[in-house]
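Per-entry structural report
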Amino acid sequence: MPIISAEGLPGMPKNITQTPFITMARGYATATLMFCGALPCIAIAYFYWLQSQGQMPLFENHGFHQFAIAFAILECGLVTYLTWRCYKVSGEPLLRWLTLGFLAFTIIYTPHGAFTAYCHHNMWLFLLYGPASRLVMTACLLKGLLVYGKPAHDLAIRDNRTSWGKWIVLFLLIDAAVAACAVFSNNLRMVARSMEMIALGLSLAGVAVIFLQSTRSHLMRNSYSIAMAAFAQSSLAFLLTRPWSHLWWLAHLIFAAGFTILGYGVVRALLTTGSLSTVYSEEESYQQLLADKRQLAQGLVDLQSAQSELEKLAATDPLTGADNRRQFFMRFDIEEARARRTGAPFSVLALDLDRFKDINDQYGHQAGDEVLKFVVTSALPVLRPSDVLGRIGGEEFAILLPETSLEGAHVVAERLRQSFAMGLAVHDQLIATSVSIGVAQSGLDGDDPAVLLGAADKRLYCAKQAGRNRVVSESAEPLDVISSF
């Protein structure tokens, strides 16, 4: 399996955030955001100039106003419900206060539409619900910003209906208080202006808090900041105008735009992560995708490395590093099949350590393990890369020599015997070592793996009987032995 590089994934461009043009692009994006947020001020200034010039006609249409308010209340109710569902998913404190803000506006603002028909009988009963609803809503939105990033609420808090019921009662009491104020209080113009000015201040404070906070979510920062800026400019327009003027209608439109933008942010959160804090911009999502792709690629590299290691462990003897019995016979079958196709001979060597039990008894099993390792380390310089060295049993080894005749295999076996006969120093003790080797060639001694290995094993036995530490590659009849393979 080819190794995949984590640094060179196809289709993965370099990190563009490291280019100097990104600072310029981000500056432009910020300036665009600020321009969009302040754009209503241009319309407010223009309409206010027309109003000061006496060129601003009134548009008093009670039916249209009631229809617009009814539509706005339905939208507010839907956004309130969606925000509450989003809060139920994440438990984010910000979303709880956002839900309360939308709920407050829905409940407190409803009488503003209901009392439209009574505007000529009691203008303040008709008007006061507007600034009151905006004041309570912006206070809740600002509180939400102040708890941004706090730990998520427990499920018990999210599902506490008593708590939500208390808030609903409070908002209904505010409705009653506004009605009482409109009927019994004096200087209601000052009351309305005070509430509108406080709502304006709270909205501006919310914008400042957003930009002072280290808000990771671009969608939350952008939608929330534009909405709060829109609420502030809506309150400014209400302060500068009178009912039914075009500027008054514009103030409603600006507020509705801010509300819709903030509702859009909530919907995006609900459809993705369920949290305003973790809804990222396209740039952040792209960078996260790149990071995930790199992580996936690195995971594939690690997996392939682990798979290669497992394959190596499954095919090698853990002590010596030679092929284990299973792997050796698998390679033997492959080489035998190739020899049948090409007609080229191959040879096999059967090796057995001489007096290995005596080494274990005299020097210990740890020294015996070192001697077994020495078989491999002394054989590797003699063998070719295509040759196969396997550990068949305790102190028994076998070697495949592809495309090698019996004579050539005898030469290789003699080199192996001489290399191993040099001995091994273990813990400052020189251990005398030797090996007996039997050699067999395919074709001459058989083609079946069992027969060929049996022939090499018989010659190994002959080497043992002849005094050990020698190589036998010719038959010596009669051989009445049982193959150790």
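What this report covers is the structure whose coordinates are included nearby. (Residues numbered from 1 in each chain as written. Predicted model: local features only at pLDDT ≥ 70, side-chain atom pairs only at ≥ 80, totals over all residues. Heavy atoms only, no water.)

Our focus in this paragraph is the pairing of strand 6 (residues 435–441). Regular strands place their side chains on alternate faces of the sheet. Counting buried positions along strand 6 gives 7 out of 7 residues, so the element sits mostly inside the fold. On strand 6, burial covers both faces: Val435, Ile437, Val439 and Gln441 on one face and Ser436, Gly438 and Ala440 on the other are all buried. Note that strand 1 (residues 347–353) and strand 6 share 7 bridges and pair antiparallel. If you follow Leu353 over to strand 6, its bridge partner there is Val435. Direction of pairing for strand 6 relative to strand 7 (residues 471–472): parallel, over a ladder of 2 bridges. (Buried < 20%, exposed > 50% of the residue type's maximum accessible area, 1.4 Å probe, protein only. Helix = DSSP H or I, 4+ residues; strand = E, 2+ residues; numbered from the N terminus. Pairing = 2+ DSSP bridges.)

What follows covers unusual backbone geometry. Positive phi values are uncommon outside glycine, yet Asn187 reaches one of about 55 degrees. Following the sequence through the fold, Asn187 ends up in the loop between helix 7 (161–184) and helix 8 (188–212). Here Arg355, not a glycine, exhibits a phi torsion of approximately 50 degrees, which is positive. Inspection of the secondary structure puts Arg355 in the loop between strand 1 and helix 13 (356–363). We classify Arg355 as partly exposed; its relative accessible area is 48%.

A word on the packing of helix 5 (residues 129–146) against helix 8. At a minimum axis separation of 8 Å, helix 5 and helix 8 run at an interaxial angle of 20 degrees. Of the possible angle classes, the one that applies to helix 5 and helix 8 is roughly parallel. For helix 5 against helix 8, the interelement crossing comes out left-handed. Along the contact surface, helix 5 presents Pro131, Ala132, Arg134, Leu135, Thr138, Ala139, Leu142, Leu145 and Leu146, while helix 8 presents Ala192, Met195, Glu196, Ile198, Ala199, Leu202, Ser203, Ala205, Gly206, Val209 and Ile210. (Axes fitted to C-alpha atoms, helices over the stretch in contact; angles between N-to-C directions. Parallel < 35°, antiparallel > 145°, perpendicular 65-115°, else oblique. Left-handed = near helix turned anticlockwise from the far one by under 90°. Contact = heavy atoms within 4.5 Å.)

Keep in mind these numbers describe shape, not what the thing actually does.
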